[in-house]
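# Structural characterization, general
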Amino acid sequence: MKKEIKLTPILTLIILAILFSFIYGLRAYQKNKLNKGAFITYATIEKLKENTRKGKSGRTDIVYFYFIKNDSVIHKLKQIPPKSIKKEKLKLNETFKIRVAKSDYNVFEIDFDERIDTVIRKQDYKIQVYNTFTHHNIIEQ
């Protein structure tokens, strides 16, 4: 005999509350990292992907960028809502101000409204740090 689990309204609310508290807690944790210790540097866009698939049904724009820290080029990406690249008029090799947490470079806040007339060349640095091997292949194509 197989027992079926019915999704009652109370069970649904409990699951949604747990999911909401997890997401809220993660965002608060990241914001705390930025507030406790962050440095300001400049990020340069190196690749833009518009309207890419996210999961099975969602769409998103992806901005690949890099910043310099301790004579190393650190490559990161940011997923932004669809059609934001056209709306913000983002272009390759544009530079923006970015706040990065000292303890975790994956926690950052980039301001796409504040453009800076500077070009940072990643070829001037020997050490290149990527998120994954796939990330490296996408950028270096």
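Look up: the structure comes first, before these words.
My aim in this report is to walk through the structure given alongside it, one point at a time. Note that the coordinates shown come from a computational prediction; the quantities given were computed from them, not determined experimentally.

## As for a nonpolar patch on the surface
A cluster of nonpolar residues, Leu13, Leu16, Leu19, Phe22, Ile23, Leu26 and Tyr29, forms a patch on the protein surface that exposes about 740 Å² of accessible area. Note that Tyr29 resides in helix 1 (residues 9-36). Residue Tyr29 is classed as partly exposed on the basis of its relative accessible area, which comes to 48%.

## Quick notes on the pattern of salt bridges
Under the defined criterion, the tally for this structure stands at eight salt bridges. One salt bridge connects Arg121 with Asp124, and the closest N-O pair in it is separated by 3.5 Å. Look at Arg121 and you get partly exposed, because its relative accessible area is 46%. Of the residues examined, Asp124 reaches a relative accessible area of 53% and is grouped as exposed. When salt bridges that share partners are traced, they join Lys31, Arg99 and Glu109 into one network.

## A word on the environment of Ala101
Assignment of secondary structure puts Ala101 in strand 4 (residues 95-101). Along the backbone, Ala101 and Asn35 are 66 residues apart, and their C-alpha atoms lie at a distance of 8.2 Å.

## Observations concerning the side chain of Glu94
Note that Glu94 resides in the loop between helix 2 (84-88) and strand 4. Owing to a relative accessible area of 16%, Glu94 belongs among the buried residues under this scheme. Apart from the residues lying within four places of it in its own chain, the contact partners of Glu94 are Ala43, Thr44, Ile45, Lys89 and Arg115.

## Some points on unusual backbone geometry
We note that Asn70 has phi near 55°; this positive angle belongs to a residue other than glycine. In this fold, Asn70 is placed in the loop between strand 2 (58-69) and strand 3 (72-80). For Asn70, a relative accessible area of 60% gives the class exposed.

## Digging into the environment of Arg59
Within the secondary structure, Arg59 sits in strand 2. The exposure class assigned to Arg59 is partly exposed, which follows from its relative accessible area of 43%. Here the alpha-carbon distance between Arg59 and Tyr130, two residues 71 residues apart in the chain, equals 24 Å. Excluding residues that lie within four positions of it along the chain, Arg59 makes contacts with Asn51, Thr52, Arg53, Lys54 and Pro82. Of note is the side chain of Arg59, whose polar atom sits 3.2 Å from the backbone oxygen of Asn51.

Reading guide: rules and limits
Residues numbered from 1 in each chain as written. Predicted model: local features only at pLDDT ≥ 70, side-chain atom pairs only at ≥ 80, totals over all residues. Heavy atoms only, no water. Patch = residues over 30% accessible without salt bridge, like charges linked within 9 Å, V, L, I, M, F, W, Y side chains within 5 Å. Areas by Shrake-Rupley, 256 points an atom, 1.4 Å probe, with all protein chains shown as cover. Salt bridge = Lys/Arg side-chain N within 4 Å of Asp/Glu carboxyl O. Helix = DSSP H or I, 4+ residues; strand = E, 2+ residues; numbered from the N terminus. Buried < 20%, exposed > 50% of the residue type's maximum accessible area, 1.4 Å probe, protein only. Contact = heavy atoms within 4.5 Å. Polar contact = N/O pair within 3.5 Å; in protein donor to acceptor, adjacent residues only side chain to side chain.

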